[in-house]
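Below are the chains, spelled out letter by letter.
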Amino acid sequence: MGGRCSRQSRSSSRFSWGATLIVNTYFFEQFSFFVTAGVLIIYCINFLHWDVGFTVAIYNTFVILCYLTPILGAIIADSWLGKFKTILYLSIAYIIGQALLTVSSINDLTDHNQDGSPDNVAVHTALSMVGLILIALGTGGIKSCLSAFGGDQFEDDQEIQGSMFFSYFYENTAVASFLSAIVIPRLMASQCGIHSKRECYPLAFGVPAALMAAFLVVFVIGSRMYKKVKPQGNVMLEVSKCIGFAIKNRFRHRSKEFPKREHWLDWASDKYDKRLIAQIKMVLRVLFLYIPLPMFWALFYQASRWTLQATAMNGDFGFQILPDQMQIVKSILIFIIIPVADFLVYPLIKKCKLNFTPLKKMTVGMFLGSMAFVAAALVQVQIDKTYQVFPAAGQTQIKLINLGAVPATVQFQPQLQSVDVAPKEATGYMTFETSKLQSLDVISATLNKTEHLELLERQRYTLAFKQGPTDISSTWIEDNVTSKPGNRESLVRFINNLPLTANVEMDNIRFGVLDPLSVSNYSVIPYPSWSYIRVSTGLKYCGTLSETLEYGAAYTISLDGCFASTLEVTYFQDIAPNTVHMAWQIPQYFLLACAEVLLSVTGLAFSYSQAPSNMKSVLQAGWLLTVAVGNIIVLIVAGVSAIQEQWAEYVLFAALLLVVCIIFAIMASFYTYIDPNEIEAQFSKEENKNHQDSNENEDEAHSCL
C-alpha cells in the first residue's frame, strides 16, 4: 500500500526542477530563434543588399537546415555524448553563431570611409553565413534533444505528467513567437553606429544571444537536478548495419525453399540480438506513420501567405492592426487552446468513454488544418470581389472629375455613352474599347468643349474639368497605377483648383509646385491615418488636417480655396480602401491553431512514448525531419505553381491535405500501441534468465568434474 501511495503522490506532484529548467531553456532557445529569423530577411535585404529572391532562397535553406540537423544532434546524443552534453555543446555553437551574426551586422567593422555603409560586404556576408550555419546546427541539435531529455525526467507511472510536459514544452513555442513579434519592431526601431546612425541590427541579434547565453549558465548550474540516461554506443551505426544485413540476408534466401519469417527484419536474427531487432521495429513502425506528415507542414508554412491576404483587408479594431501582426493571433490561440484541451476537452472526451488515441488526435488535426485553408479560400473570394478591375488588352478606362460649381454632361463619341457629373463630384472608372473611342464633348450650361482622344490600351486616365466665365478648362491625367496599393500604404495626389500656383506638402512629403489645374504624381503614404496638408501660394500659407486615409486606397485631393489660413479641400476616391475586415481571418487561424495543437503537441509525446530508450532523440529528430521535408515541398510548390487565383490555390492545398488525412487515418488504424519499456524489460528478464541458466549449467559441469 505504501509503495502505491508514494507512486500516486509522485504522479500528481508538480514538475521536478530539472523538467522546469528544460522547459524554460527551450523557451529562450525558441525566443532567440524567432527573433533572429524575424530580423534575418530585413537584414539581408537592407544591410547585405541582396535581392528579394536570393534572400528568400537563403532564408528557406536556413529553415530547412534547422530541421535537418536534429538528426545529427540525435545521433550524437543517443550514441556518444548523451543528451545533456549534446545540448550544452550545441548551445555553445548556437551562441557563437549568434555572436558572429551580431558582429557581421556592425557596419562600422569595415566602414573605412565613414559613410554609414560597410565597404567590404564580403566580410559581413562570410561572417553571416558561418553564423547561420552554426545557429542551424545548434538549434537543430537542441530541438531534438531537449524534448527527449525532458521526457527522461519522468518515471513510467508519470504518464499524465509526461503528456503535460510536452504540452507546456510546445506552448513555449507560441509564447516565444508572440513575444518575439512584440520585441522585433522595438529592436528594429532603435538606431546605433559610431560614424553614422542606422538600423541597430547588432542589438536585434545581440539581445537574444545574450539571453540565450545567460540561461545556458542557469541550465548548466542545474546539472545535478537532471536525470541523465547514459548513451548506449553507436546506435545508428548498429541500426544501419542490422537493416542492411536483414535486406542482404533476405535477398540471399529469396527462393521458396527457405521458410518465410514474420517480419523482414527477422532475417537479421542470424547475426543480431532480438532486443535490437525489436527496437528497430518500434522505430520503423513510427517512421512509417510519419510519411504523410510533411504535407501538413507544407500547408502549415503556406499559412504565412495569410499575411499577404491581410494586406488587402481592413485592420481597424478601434486601433490599427498591421497585416503581419495577425500572425500573433495564432500564438495567442495556441497559448489558450493547449490548457483548455488538457484540462477540459480531453477529460470530457475520456469521461464520455471515447477512445481518443494520439493517432486519432493527429488525424483530426490534419482535418482541421484542411478546413483552415477552406476558410482562407472563402475569405479570399470576398477579398477578390473588392479588387479593382483594371483595363485589359484593347481597353482603356476613364474617370471624370467636375471641379466646377456647375453640373456638366460628358458625351463619348461616336455616340458611345453620355454621363452627367454633378459639381465637386467624380465618376468611377468607365471602361471603353480603345479603338472605338475617338473624342468626347464636355457640356456645361451654354459652354461646350471637344477633346480629341489618342489613348493607350491597358491604361487609366482621369479628365478633370471646370466651367469658367467664358470657356471650360480641362486637364488629362495619365494615372500610371496598375494595382491596388500594397501593404500598409495608400496613394495620394493633389490637383490644384486654385487660381494661383501652389506649393503642396503633406506631413514630410513634398508634392511640388502645381500650376492651376495641374496634377501631382501619386505619392505613397506609409501607415496612413491623419496627415496635415500645407499649401503656400506666394506669401500666403494655408493648412488643414486631412480626413482619415485608409489602407489600400488611392485619393485625388482637390485644393479648392484658402480662407483665413484654412485650406478647403475635396476628396475623390480613385481606388476603394480595403473593406473586408481582418477579423474574418480569426476562424482560419483558430482552425490552424487547433490543428497544430492536436497534431504537433500530440506527435511529440507520441514519438517519445513509442521510442525505445536508446533511440528517443532519434525518433524526435525524425519528427522534426518531417518539418524539413514540408519546407522543401513549399519551395517546390512555389517554383512550379501555375495557379493564378489565390483562392483556388488554397482549395488545392485543402484538398491535398484532406487526401493525405484519409491516407494517414487508414495507416493509423493498423498501428498497435506498444510500451517500449515493458518490451525491453521482457528482453532484460529473458537475458537475465538465460545468463542464470548458463551459470547453473557451468556450476553443474564443475560439480561433475
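Structure: above.
Residues numbered from 1 in each chain as written. Predicted model: local features only at pLDDT ≥ 70, side-chain atom pairs only at ≥ 80, totals over all residues. Heavy atoms only, no water.

Novice: Sorry if this is basic, but what is going on with unusual backbone geometry here?
Specialist: Across residues other than glycine, the phi torsion is negative in most instances, and most of the peptide bonds are trans. With an omega of 5°, the peptide bond running from Q413 to P414 counts as cis. Looking at the element boundaries, P414 is found in the loop between strand 4 (408-413) and strand 5 (417-421). The backbone phi angle of D507 is positive, close to 55°, even though this residue is not glycine. A relative accessible area of 42% means that D507 is categorised as partly exposed. (Helix = DSSP H or I, 4+ residues; strand = E, 2+ residues; numbered from the N terminus. Buried < 20%, exposed > 50% of the residue type's maximum accessible area, 1.4 Å probe, protein only.)

Novice: Which parts of the structure should I look at to understand the side chain of K361?
Specialist: Tracing the backbone through its elements, the reader meets K361 in helix 14 (residues 358-386). Beyond its immediate stretch of four places on either side in the chain, K361 contacts Y346, F356, L598 and T602. (Contact = heavy atoms within 4.5 Å.)

Novice: How should the sheet that holds strand 5 be read in this particular structure?
Specialist: Two modes of strand pairing occur in sheets, parallel and antiparallel, and in both the strands are linked by backbone hydrogen bonds. Read from one edge to the other, the open sheet built from four strands follows the order 5-4-8-9, with strand pairing classed as antiparallel. With one partner strand each, in any of the chains shown, strand 5 and strand 9 (447-452) form the two edges of the open sheet. On average, each strand axis in the sheet is tilted by 15° relative to the strand beside it, whichever way the strands run. Pairing analysis gives five bridges linking strand 4 to strand 8 (residues 439-444), with the strands arranged antiparallel. Along strand 8, the bridge assignment pairs T409 with I443. (Pairing = 2+ DSSP bridges. Axes fitted to C-alpha atoms, helices over the stretch in contact; angles between N-to-C directions.)

Novice: Looking at this model, I keep getting lost on the packing of aromatic side chains. Mind explaining?
Specialist: Note on aromatic pairs: each is described by the distance of the centres and the angle between the planes. Inspection of the entire model under this criterion finds 33 aromatic pairs. Taking the centre distance of 6.5 Å and the plane angle of 70° together, the rings of F149 and F219 count as edge-to-face. Here F219 lies in helix 8 (residues 201-221) and F149 lies in helix 6 (residues 121-151), a separation of 70 residues in the sequence. Since its relative accessible area comes to 0%, F219 is described here as buried. Taken together, a centroid distance of 4.6 Å and an interplanar angle of 35° make the contact between F412 and F432 tilted. (Phe/Tyr/Trp six-rings, centres within 6.5 Å; stacked < 30°, edge-to-face > 60°.)

Novice: Would you mind showing me how to read the side chain of D479 here?
Specialist: When you line up the elements, D479 lands in the loop between strand 11 (472-478) and strand 12 (489-496). Only 3.1 Å separates the side chain of D479 from the side chain of T462, close enough to count as a polar contact. Those residues in contact with D479, other than ones at most four positions away along the chain, are Y429, Q459, R460, Y461, T462, R493 and Y522. (Polar contact = N/O pair within 3.5 Å; in protein donor to acceptor, adjacent residues only side chain to side chain.)

Novice: Before we go on, may I ask you to explain the state of the cysteines in this structure?
Specialist: What is meant by a disulfide is a covalent connection between two cysteines, made through their sulfur atoms. In the structure shown here, the tally under the stated rule is one disulfide. Bridging C542 to C562, the disulfide has an S-S length of 1.2 Å. Pair noted here: C542 is in strand 17 (residues 540-545) and C562 is in strand 18 (residues 554-563), with a separation of 20 residues, a long-range link. Grouping residues by exposure puts C542 and C562 together as buried. Distance from the sulfur of C352, which forms no disulfide, to the nearest cysteine sulfur (C594) is 18 Å. (Disulfide = S-S within 2.5 Å.)

Novice: Sorry, what's going on with the pattern of salt bridges here?
Specialist: Close approach of charged atoms allows side chains with opposite charge to pair. Summed over all chains, the structure comprises eleven salt bridges. Across the salt bridge formed by K281 and D266, the nearest N and O atoms sit 2.8 Å from each other. A residue pair is termed long-range when its members are at least 10 positions apart, and K281 in helix 10 (residues 274-290) and D266 in the loop between helix 9 (235-252) and helix 10 qualify at 15 residues. A salt bridge links R510 to E505, with the shortest nitrogen-to-oxygen separation between them at 3.9 Å. By sharing partners, the salt bridges in this structure join K399, D479, R493 and D574 into a single network. (Salt bridge = Lys/Arg side-chain N within 4 Å of Asp/Glu carboxyl O.)

Novice: Sorry, what's going on with a nonpolar patch on the surface here?
Specialist: Taken together, the side chains of I332, F335, I336, V340, L344, V345 and L348 present a nonpolar region at the surface, about 580 Å² in accessible area. Within the secondary structure, F335 sits in helix 13 (residues 327-351). (Patch = residues over 30% accessible without salt bridge, like charges linked within 9 Å, V, L, I, M, F, W, Y side chains within 5 Å. Areas by Shrake-Rupley, 256 points an atom, 1.4 Å probe, with all protein chains shown as cover.)

Novice: Explain the packing of helix 3 (residues 52-68) against helix 6 here, please?
Specialist: A packed helix pair is summarised by two numbers, namely the angle formed by the two axes and the spacing between the axes. Contact geometry of helix 3 with helix 6 gives a least axis separation of 7 Å together with a crossing angle of 35°. Once helix 3 is placed against helix 6, the crossing between them reads as right-handed. For the pair helix 3 and helix 6, the contacting residues are I58, F62, L65, C66 and Y67 in the first and M129, L132, I135, A136, T139, G140 and K143 in the second. Across the contact of helix 3 with helix 6, the residue classes tally to nine nonpolar, two polar and one charged. (Left-handed = near helix turned anticlockwise from the far one by under 90°. Nonpolar A, V, L, I, M, F, W, Y, C, P; charged D, E, K, R; others polar.)

Novice: Looking at this structure, how should I read helix 10?
Specialist: The terminal C-alpha atoms of helix 10, which comprises 17 residues, lie 25 Å apart, in line with the 24 Å expected from a rise of 1.5 Å per residue. Every buried residue belonging to helix 10 is among L276, I277, A278, Q279, I280, M282, V283, V286, L289 and Y290, and all of these are buried. Measuring from the backbone nitrogen of R275 back to the side-chain oxygen at the start of helix 10 gives 3.1 Å, which picks out D273 as the cap. (Expected span 1.5 Å × (residues − 1).)

Novice: Can you help me understand the nonpolar core in this one?
Specialist: Note that soluble globular proteins tend to have their nonpolar side chains buried in a common cluster. Among the nonpolar cores identified, the biggest contains 135 residues, and Y43, F62, W306, M366 and W623 are the most heavily contacted of them. When residues in this core are grouped by element, the largest group, 14 residues, is from helix 2 (residues 17-46). Leaving out residues up to four positions away in the same chain, Y43 has contacts with L48, L101, S104, S105, H124, S128, Y201 and F205. (Core = buried A, V, L, I, M, F, W, Y, C linked by side-chain atoms within 4.5 Å.)

Novice: What is the right way to look at the environment of Q302 in this model?
Specialist: With respect to the helices and strands, the residue Q302 is situated in helix 11 (residues 293-302). Residues Q302 and S177, spaced 125 residues apart in sequence, show a C-alpha to C-alpha distance of 17 Å. Residue contacts for Q302: discarding those within four places in its chain leaves F373, V634, V637 and F653.

Function cannot be inferred from these measures alone, as they are strictly geometric.
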